[in-house]
Amino acid sequence: MWEQIAEGPRPDGWIEIAETGWHAMISWYAGPGNMRREPDVDAYLRDAGLPPRPRGYRWFLRLPEGLDMAGVDDAASRAVMALHGQSGNPRYLAPAVERAVTDLYARGQENTHPCEDHRAHDGRREFRGGPRRPHRHSPG
């Protein structure tokens, strides 16, 4: 039945189905006339020249030190815009995104120090975009 579902953009008033077994079962019984499908993350990854993610998992990301996801998105978007001026085919965007993200994580490694949890005593738990300010321990 899954292959009978029409491919195309989501029609107005339709909702995206959560990626759970429960919602998949509800969708199955709703029938192909009540569903649409769009190419998934794997199609985007394929277009970028990357392998698909294995199925059946939930995925988690450790963010670079001092950034939230909006900061990571912003850095990647700025790198793409600097090279291309606009978004487009993932194959052309991937090198800029790779450089931006690997730079963010490399910068986070440079800012590590022996302190158990420096965020607990420097008061900054989240910093949006830009470089992380140097950390200084107070004497004693």
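In this text the structure is predicted, and so the values were computed from the model without any measurement.

Draft legend 1. Looking closely at the nonpolar core. Within the largest apolar cluster, five residues are counted, these being A79, V80, L93, A96 and A100. Those elements that place two or more of their residues in this core are α3 (69–84) and α4 (90–110). When residues of this core are assigned to their parent elements, the largest contribution, three residues, is made by α4.

Draft legend 2. Structural view of the pattern of salt bridges. Counting across every chain of the model gives three salt bridges. Salt-bridge contacts for R55 lead to D42; the nearest nitrogen and oxygen are separated by 2.7 Å. Here R55 is found in the loop between α2 (41–47) and α3, whereas its partner D42 is found in helix α2, with 13 residues between them in sequence. A residue is classified by how much of its surface remains accessible, and D42, at 14% relative accessible area, is buried. A salt bridge links D74 to R78; the nearest nitrogen and oxygen atoms lie 2.9 Å apart. Pair noted here: D74 and R78 are both in helix α3, with a separation of four residues, about one helical turn. Three or more residues joined by partner-sharing salt bridges are found here, namely D40, D42 and R55.

Draft legend 3. Layout of the environment of W2. Looking at the secondary structure, you find W2 in the segment before α1 (21–30). With 35 residues separating them along the chain, W2 and R37 place their C-alpha atoms 9.3 Å apart. Excluding anything up to four places from it in sequence, W2 contacts A24, S27, W28, M35 and R37.

Draft legend 4. Structural detail: the layout of surface pockets. If you add up the space inside the largest pocket, you get close to 1400 Å³. What lines the largest pocket is a set of 33 residues, among which E16, I17, E19, E38 and D40 lie closest to the centre. Sorting the residues of the lining of the largest pocket by element identifies α1 and α2 as the ones contributing at least two each. Of the residues assigned to the lining of the largest pocket, the class counts are 15 nonpolar, six polar and 12 charged. The volume enclosed by the second largest pocket comes to roughly 690 Å³.

Rules of the game
- Residues numbered from 1 in each chain as written.
- Predicted model: local features only at pLDDT ≥ 70, side-chain atom pairs only at ≥ 80, totals over all residues.
- Heavy atoms only, no water.
- Core = buried A, V, L, I, M, F, W, Y, C linked by side-chain atoms within 4.5 Å.
- Buried < 20%, exposed > 50% of the residue type's maximum accessible area, 1.4 Å probe, protein only.
- Helix = DSSP H or I, 4+ residues; strand = E, 2+ residues; numbered from the N terminus.
- Salt bridge = Lys/Arg side-chain N within 4 Å of Asp/Glu carboxyl O.
- Contact = heavy atoms within 4.5 Å.
- 1 Å grid on protein atoms, 1.4 Å probe; cavity = no way out; pocket = protein on both sides within 12 Å on 5 of 7 lines; lining within 4 Å.
- Points joined across faces, edges and corners; volume = space filled by probe spheres on them.
- Nonpolar A, V, L, I, M, F, W, Y, C, P; charged D, E, K, R; others polar.

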